[in-house]
Structures are given as C-alpha cells and as structure tokens.
Amino acid sequence: MKILLLGSGELGKEFVIAAQRIGQIVIAVDSYENAPAMQVAHDFEVINMLDGEALDRIVAKHKPDFIVPEIEAIRTERFYDYEKQGITVVPSAKAANFTMNRKAIRDLASKELGLKTANYRYATTAEELRKGVEVVGMPCVVKPLMSSSGKGQSTIKTEADIEKAWKYAVEGSRGDVVEVIVEAFVKFNSEITLLTVVQNNNPTLFCAPIGHRQERGDYQESWQPARISDKDLYEAQDMAEKVTKALGGAGLFGVEFFLTDDGVYFSELSPRPHDTGMVTLAGTQNFNEFELHLRAILSLPIFEITLEKAGASAVILASENSTNPTYTGIEKIAALPKTDFRIFGKPTSRPYRRMGVALINDTLKTPIEEIVERAKKAAILVKVNS
C-alpha cells in the first residue's frame with residue numbers, strides 16, 4: 001500500500017518506521033526539507049499544506065491508497081474530495097476535518113454528544129475574547145482553534161492578561177483561522193490521555209491510561225499506567241468510544257481528559273498518535289501507539305492490547321537557536337539501566353523545541369513516581385548544542 005503522510009515530525013517518523021517494518025510505501029510531506037519523517041520515508045514532498053492546489057497536485061502525482069494527517073495545518077476540507085476518489089483518509093475525512101479545528105470537535109463533544117466539558121466560548125477579536133472571559137469567568141484558558149504542542153495557549157488570571165492572551169493565541173495559531181476558544185479553568189486532580197484504537201471490523205480497544213505533565217502548554221513527561229479509579233476509567237472509555245464513533249473511520253485517537261472530584265471532563269482529541277503516547281516506545285505495551293495506528297488503518301486485526309511494563313517518557317529540549325544542532329551526553333543516557341532514548345533529527349533548534357525523548361521502563365510493581373523521576377533525570381543528561 002502507498003501512504004501519503006501529511007506532516008513529518010517526530011510522531012510521523014515513528015509511524016514511517018512502523019510502516020517500513022511491514023513493507024508499506026510512505027511519501028512524507030512537510031513545509032521544510034529534511035523533516036524527521038522524510039529521513040526514513042521512501043520519498044518526500046515539500047509544500048504548504050494550507051495551499052489546496054498544491055495538496056491536490058501531490059495527491060494526483062502519487063495516487064496514494066491512504067492519506068494520513070500528522071499535523072493540524074492542512075486544507076482538510078479537500079479530504080472529502082479525496083474520499084470520493086477512493087482514497088482512504090485516516091481516520092476519515094470527517095474525523096480529520098473536525099479534529100484539526102477545536103471548534104468542530106468541542107461542539108461535537110459538548111452539544112451533539114452531551115459529553116462533560118469545561119464551559120467555553122469562541123472569539124474572533126480581542127473584544128469578543130473579553131466578553132467570553134466575562135461569561136466563563138477567571139481564571140480561564142485561551143487557545144487558538146488550530147495549533148499544536150501548546151502553541152498560543154495561555155491562562156488569563158486578571159483583566160490585564162486578556163489583550164496579551166489574544167495576541168499570543170493569534171501568533172501561535174496554525175493555519176489561516178484567526179479565532180480562539182476561551183474555556184473555564186477546570187480544577188482537575190490530574191490529566192490523562194486515553195489512546196483509543198478504532199478498528200474497521202473488530203471492537204474498539206483502549207490502551208492503559210497515560211498520565212502527563214505540561215509546561216507552556218506542551219507535555220514534559222508522560223507515564224503509563226496513570227492512576228485512575230475504575231469508575232473514572234469506565235466513564236472516560238465510554239466518552240472516548242462515543243466521540244470516535246461519531247467521527248468515523250479507523251485508526252488510533254489520542255483522547256484527553258481531566259480527572260476531577262466530580263468526575264471526568266472531555267478535553268481534546270487528536271485523530272492520530274499522541275505526543276504523550278511516546279511513552280509506549282519504552283516497551284510498555286505489546287504494540288506501541290504507532291504500530292497500533294498502522295494496523296488499524298490497514299485493517300489488520302488487533303486481538304488485544306496488553307500492558308507489559310510500567311514506563312515514562314521525558315522530553316529532551318533545546319535551549320537555543322541553531323541551524324545545525326549537535327548533541328552531547330548521549331553516552332551518559334545510554335549507560336543507564338532500563339533506559340532508551342530517541343533523537344528526532346530535527347534540522348534546526350530553538351528554545352524549548354522538543355528534540356528527543358528519554359524512555360524508562362520497569363516492572364508494574366515499581367512506583368510510577370520513581371520511574372518518572374528517573375526519566376526526568378535521564379532527559380537532562382542530553383544537551384542540544386549549536
């Protein structure tokens with residue numbers, strides 16, 4: 001099968017590796033050359049994926065069997081035409097189109113499916129944002145409708161924060177949509193990602209829940225399994241199955257939830273492998289999230305997902321701008337027991353850019369806090385230099 005991968009970051013790279021292992025052909029697409037997934041794909045294209053005509057050209061050129069989106073900034077409304085041409089869009093044109101925009105997925109979850117979410121409003125101007133803040137109250141969170149890795153996300157605590165939050169959200173927006181969502185701050189005890197695998201001809205499966213910690217709107221550490229009550233897990237699984245069924249198609253979805261004193265709140269959804277799910281590269285499961293996504297796409301039956309080990313991931317961040325980043329300390333992390341790492345191969349760096357990840361696994365009896373701490377200590381051993 002031929003797969004056109006739209007977006008070629010570190011998640012795409014691991015997906016391509018999984019696809020190569022079972023003989024699939026992948027063309028990696030991104031807006032810049034030498035993106036991580038391009039380094040391991042059969043072929044690549046460099047285009048602006050918000051240019052619908054450019055997107056049409058490469059689809060016509062390569063005639064893929066599958067189109068697999070990895071990022072948000074894509075002219076996703078074109079996907080409906082590709083489906084009519086007989087191309088499988090992953091998970092589906094509807095899923096990709098809805099979830100690339102927070103407005104569509106939030107309204108589906110809250111208004112159509114009745115899932116519990118934070119109170120929210122939308123804004124297309126700073127004044128509309130101010131009115132939205134009055135409705136949802138402070139503190140509240142502002143996010144662009146299209147963004148990734150926490151870009152443009154901030155918290156409003158005072159009136160003085162509103163203008164700054166608006167400008168930051170617009171600057172961090174991906175695509176040409178100048179609109180933000182402002183949502184009431186949910187007093188949560190923890191956050192989880194529930195990797196949900198939707199199969200074409202077999203039951204929907206769930207990975208063990210993944211906990212994570214964020215800074216600057218981007219994940220810093222993730223761990224599996226996360227602590228969660230049976231009641232909350234059942235509620236999260238029920239919500240995840242409802243929303244993925246409504247979106248249609250097959251593949252792995254990263255569904256995020258807040259765990260609170262009064263139950264589970266739906267937060268966000270990604271129709272693809274999730275950054276917090278990189279913990280599965282530590283060997284925590286019988287299949288990692290990229291293998292699960294691929295198998296579901298290809299309609300290869302997945303009998304079960306088993307939790308084999310406890311594990312944690314911690315990001316390796318750049319501290320400065322560079323057009324030729326190099327790495328020191330790799331021999332230190334390599335010498336640690338039950339430890340692995342990935343260097344993503346990004347051709348440039350900037351402060352706080354995710355350049356790699358440290359991975360730790362241990363027995364299921366090992367306290368998860370201990371494993372997370374080991375991952376954090378391992379990650380800081382690797383320095384990204386200019």
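Residues numbered from 1 in each chain as written. Predicted model: local features only at pLDDT ≥ 70, side-chain atom pairs only at ≥ 80, totals over all residues. Heavy atoms only, no water.

Q: Quick one: what's the story with the environment of alanine 95, residue by residue and with numbers?
A: One can find alanine 95 in helix H4 (residues 93-99). Owing to a relative accessible area of 0%, alanine 95 belongs among the buried residues under this scheme. On a C-alpha basis, the gap between alanine 95 and isoleucine 368 in space is 33 Å, while along the polypeptide they are 273 residues apart. The residues contacting alanine 95, other than those within four sequence positions of it, are Leu247, Gly248, Phe253 and Pro271. (Helix = DSSP H or I, 4+ residues; strand = E, 2+ residues; numbered from the N terminus. Buried < 20%, exposed > 50% of the residue type's maximum accessible area, 1.4 Å probe, protein only. Contact = heavy atoms within 4.5 Å.)

Q: Account for the UniProt feature "binding site: N(1)-(5-phospho-beta-D-ribosyl)glycinamide" (unreviewed entry) in the protein chain, naming residues and giving values.
A: Within this numbering scheme, the UniProt entry marks Glu10, Leu11, Glu70, Asp275, Lys346, Arg353 and Arg354 as carrying the feature "binding site: N(1)-(5-phospho-beta-D-ribosyl)glycinamide" (unreviewed entry). Its location among the elements puts aspartate 275 in the loop between strand S15 (263-270) and helix H9 (289-297). Residue class for aspartate 275 comes out buried when judged on its relative accessible area of 13%. When near neighbours in sequence (up to four residues on either side) are disregarded, aspartate 275 contacts Leu11, Asp218, Tyr219 and Arg354. Relative to the elements of secondary structure, arginine 353 occurs in the loop between strand S18 (339-343) and strand S19 (354-362). When sequence neighbours within four positions are dropped, the list of residues in contact with arginine 353 reads Tyr32, Ile316, Leu317, Ala318, Lys346 and Thr348. (UniProt positions renumbered as here; feature names shortened; annotations may be inferred.)

Q: Give a detailed account of the side chain of arginine 354, specifying residues and quantitative values.
A: Position of arginine 354 among the secondary structure elements: in strand S19. Overall, arginine 354 belongs to the buried group, its relative accessible area being 7%. Separated by 3.2 Å, the side chains of arginine 354 and aspartate 218 make a polar contact. A polar atom in the side chain of arginine 354 sits 3.3 Å from the side chain of aspartate 275. (Polar contact = N/O pair within 3.5 Å; in protein donor to acceptor, adjacent residues only side chain to side chain.)

Q: Any chance you could break down the pattern of salt bridges for me, citing the residues and the numbers?
A: Applying the stated criterion across every chain yields a total of 29 salt bridges. A salt bridge links lysine 346 to glutamate 10; the nearest nitrogen and oxygen atoms lie 2.9 Å apart. Of this pair, lysine 346 sits in the loop between S18 and S19 while glutamate 10 sits in helix H1 (residues 10-21), placing them 336 residues apart in sequence. For the pair formed by lysine 346 and glutamate 10, the shared burial category is buried. If you follow the salt bridges from partner to partner, you end up with Glu10, Asp218, Asp275, Lys346 and Arg354 in one network. (Salt bridge = Lys/Arg side-chain N within 4 Å of Asp/Glu carboxyl O.)

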